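Each chain is listed here by its residues.
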Amino acid sequence: MSGVGFWEVDAAAAARANGRWWSENAAEYLDEHGAFLGDADFRWCPEGLREEEAGLLGDVSGLRVLEVGAGAAQCSRWLAGRGAEVLATDIAPGMVAASAELDRRTGSRVPAVVADARALPLADASVDLAFTSFGAIAFVPDAARIHAEVARVLRPGGRWVFAVVHPVRWVFPDDPTSGGMRVLRSYFDRTPYVETDDAGAPLYAEYHRTLGDHVREVTAAGLVVDDVVEPEWEEDNLQVWGGWGPHRGRYVPGTAIFVTHRGPSAVSTPGGSR
């Protein structure tokens with residue numbers, strides 16, 4: 001019997017299921033959220049914050065930039081328009097195909113490849129900057145491997161900026177209305193959210209990490225935390241996106257954006273790309 005809830009799940013099976021889910025649901029996801037995201041725009045989060053306003057990546061002109069969990073590469077396309085040399089990666093072939101369709105529609109081609117964020121197909125110290133807007137981190141049980149891989153491919157001092165569901169949001173139900181202003185779960189309960197098929201096999205999973213968990217995983221990879229941005233809900237943003245919406249968004253943070261850089265203690269893997 002199919003189910004939805006919080007319980008332990010086979011980690012490898014859940015990670016594979018997430019890749020399939022994002023591939024199979026790419027068209028539906030973009031139909032629902034494509035207008036908000038734009039074809040070549042860069043929004044960090046459902047709150048509406050744009051990179052054009054936030055400037056979290058700095059001047060990207062002439063830099064080699066990696067997007068992890070890129071979806072249809074809308075953010076990468078925006079950066080390419082500002083002089084960056086961008087590579088977009090995503091675990092889901094359906095999302096990479098959607099990126100190619102947006103390339104055709106916009107006339108702006110962004111290289112996009114299918115890749116697991118935990119095993120990036122890049123050489124050590126080969127990119128200047130890496131980022132993700134809600135990509136990859138929440139959908140694997142071992143996000144520390146993502147941070148380690150990003151640290152490996154970053155050049156010394158290179159920046160890694162990633163947006164995730166704000167850990168506080170996990171205590172609330174997935175309801176953006178006034179009915180969602182109730183604490184239902186312990187902040188410290190890290191049991192993943194799982195959806196299963198009739199045989200009990202995972203179809204989709206998300207993993208909760210506390211703020212401290214994120215910091216520990218980042219610093220263990222030799223990365224230095226420079227800032228944590230908690231975007232406020234923009235007054236003219238009427239978008240409802242799952243548990244995000246203008247009502248609860250004015251009271252409770254829904255997104256955390258970690259701004260980090262590769263420090264001197266980051267360890268590269270000998271032998272280059274893998």
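These figures come from a predicted structure and were not determined experimentally.

1. Details of the overall build of the chain
- Counting its regular elements, the chain contains eight helices and ten strands.
- Against the compact-globule benchmark of 19 Å for 274 residues, the chain has a radius of gyration of 18 Å, which places it among compact chains.
- Sorting the 274 residues of the chain into buried and exposed places 54% on the buried side.
- Restricting the contact set of the chain to residue pairs at least 6 apart, pairs at least 24 apart contribute 73%.
- Accessible surface, the chain: about 12000 Å² in total, of which carbon and sulfur atoms supply 54%.
- Where the 25 positive side-chain charges of the chain centre and where its 39 negative ones centre are 4 Å apart.

2. Some thoughts on the environment of glycine 242
- Turning to its location among the elements, glycine 242 is positioned in the loop between strand S9 (223-229) and helix H8 (246-249).
- As for glycine 242 and proline 46, which are separated by 196 residues in sequence, their C-alpha atoms are 9.5 Å apart.
- Excluding its chain neighbours within four sequence positions, the residues that come into contact with glycine 242 are Arg169, Asp174 and Pro176.

3. Let's talk about the packing of aromatic side chains
- Applying the stated criterion to the full structure yields 18 aromatic pairs.
- Measuring from centroid to centroid gives 5.1 Å for tyrosine 187 and phenylalanine 188, while their planes differ by 85 degrees, and the two rings are edge-to-face.
- Of the aromatic side chains, those joined through ring pairs into one cluster are Phe6, Trp21, Trp22, Tyr29, Phe36, Phe139, Trp170, Tyr193, Tyr204 and Trp241.
- Arginine 169 extends its terminal NZ or CZ atom over the ring of tryptophan 244, reaching a point 3.8 Å from the ring centre.
- Here arginine 185 stacks its cationic end above the ring of phenylalanine 6, 3.6 Å away from the centre of that ring.

4. Quick look at the UniProt feature "domain: Methyltransferase type" (unreviewed entry) in the chain
- Residues given the UniProt feature "domain: Methyltransferase type" (unreviewed entry) here are residues 66-162.
- Counting secondary structure, residues 66-162 comes out at 33% helix and 28% strand; the distance between its end C-alpha atoms is 12 Å.

5. What about the sheet that holds strand S1 (residues 3-6)?
- Taken in spatial order, the three strands of this open sheet run S1-S7-S8, and their pairing is antiparallel. What marks the edges here is a single partner per strand, and that holds for S1 and strand S8 (202-206). Within this sheet the neighbouring strands show an average axis-to-axis angle of 15 degrees, counted without direction.
- Where strand S7 (residues 193-196) and S8 come together, four bridges link them in antiparallel fashion. Bridged to tyrosine 193 within S8 is glutamate 206.

6. Remarks on the pattern of salt bridges
- Considering all chains together, one arrives at 17 salt bridges under this definition.
- Aspartate 128 is the partner of arginine 155 in a salt bridge, and the nearest nitrogen-oxygen pair spans 2.7 Å. Of this pair, arginine 155 sits in strand S6 (residues 154-165) while aspartate 128 is found in strand S5 (residues 127-133), placing the two residues 27 residues apart along the sequence.
- Where aspartate 174 meets arginine 169, a salt bridge forms, and the shortest distance between an N and an O atom there is 3.0 Å.
- The buried category is assigned to arginine 169, whose relative accessible area is 13%.
- In this structure, a network of salt bridges that share partners links the residues Asp116, Arg118, Asp142 and Arg145.

7. Digging into helix H7 (residues 211-220)
- Among the residues of H7, Asp213, His214, Glu217 and Val218 are the ones counted as buried. Seen along its axis, H7 keeps its buried residues to an arc of 125 degrees; they face one direction. Away from the buried face of H7 by more than 90 degrees, exposed residues Arg216 and Ala220 are located.
- Looking at the buried positions of H7, the neighbouring elements they touch are helix H6 (143-153), S6, S9 and strand S10 (255-262).
- Residue glycine 222 follows H7 closely and has a positive phi angle near 85 degrees.

8. Some remarks on the nonpolar core
- Leu66, Ile146, Val150 and Trp160 are the most contacted members of the largest nonpolar core, which has 26 residues in total.
- Counting residues per element, this core draws most heavily on H6, which supplies five residues.
- Formed by 24 residues, the second largest nonpolar core is a distinct cluster that contains Trp78, Ala84, Val110 and Val259.

9. Observations concerning the confidence of the model for the chain
- The share of residues in the chain with pLDDT of 70 or more is 97%, and the mean pLDDT across the chain is 94.
- Scored below 50 in pLDDT, residues 270-274 shows 14 contacts in the model against residues more than four places distant or in partner chains.

10. Concerning the sheet that holds strand S2 (residues 64-67)
- Sheet architecture is open: seven strands sit in the order S4-S3-S2-S5-S6-S10-S9, paired in mixed fashion. The two strands at the open ends of the sheet, each matched to only one other strand, are strand S4 (112-114) and S9. Adjacent strand axes in the sheet meet at a mean angle of 20 degrees, parallel and antiparallel pairs treated alike.
- In the sheet, strand S3 (residues 85-90) pairs with S4 via three bridges, with the strands oriented parallel. The residue bridging threonine 89 from the neighbouring strand is valine 113, located in S4.
- On the sheet, H6 packs against S2, S5, S6, S9 and S10 and is oriented at approximately 150 degrees with respect to S6.

Rules of the game
- Residues numbered from 1 in each chain as written.
- Predicted model: local features only at pLDDT ≥ 70, side-chain atom pairs only at ≥ 80, totals over all residues.
- Heavy atoms only, no water.
- Helix = DSSP H or I, 4+ residues; strand = E, 2+ residues; numbered from the N terminus.
- Rg over C-alpha atoms; globule rule 2.2 N^0.38 Å.
- Buried < 20%, exposed > 50% of the residue type's maximum accessible area, 1.4 Å probe, protein only.
- Contact = heavy atoms within 4.5 Å.
- Areas by Shrake-Rupley, 256 points an atom, 1.4 Å probe, with all protein chains shown as cover.
- Lys, Arg positive; Asp, Glu negative; His and termini not counted.
- Charge placed at Lys NZ, Arg CZ, Asp CG, Glu CD.
- Phe/Tyr/Trp six-rings, centres within 6.5 Å; stacked < 30°, edge-to-face > 60°.
- Lys NZ or Arg CZ within 6 Å of the ring centre and 35° of its normal.
- UniProt positions renumbered as here; feature names shortened; annotations may be inferred.
- Pairing = 2+ DSSP bridges.
- Axes fitted to C-alpha atoms, helices over the stretch in contact; angles between N-to-C directions.
- Salt bridge = Lys/Arg side-chain N within 4 Å of Asp/Glu carboxyl O.
- Arc of directions from axis to C-beta.
- Core = buried A, V, L, I, M, F, W, Y, C linked by side-chain atoms within 4.5 Å.
- pLDDT = per-residue confidence, 0-100.

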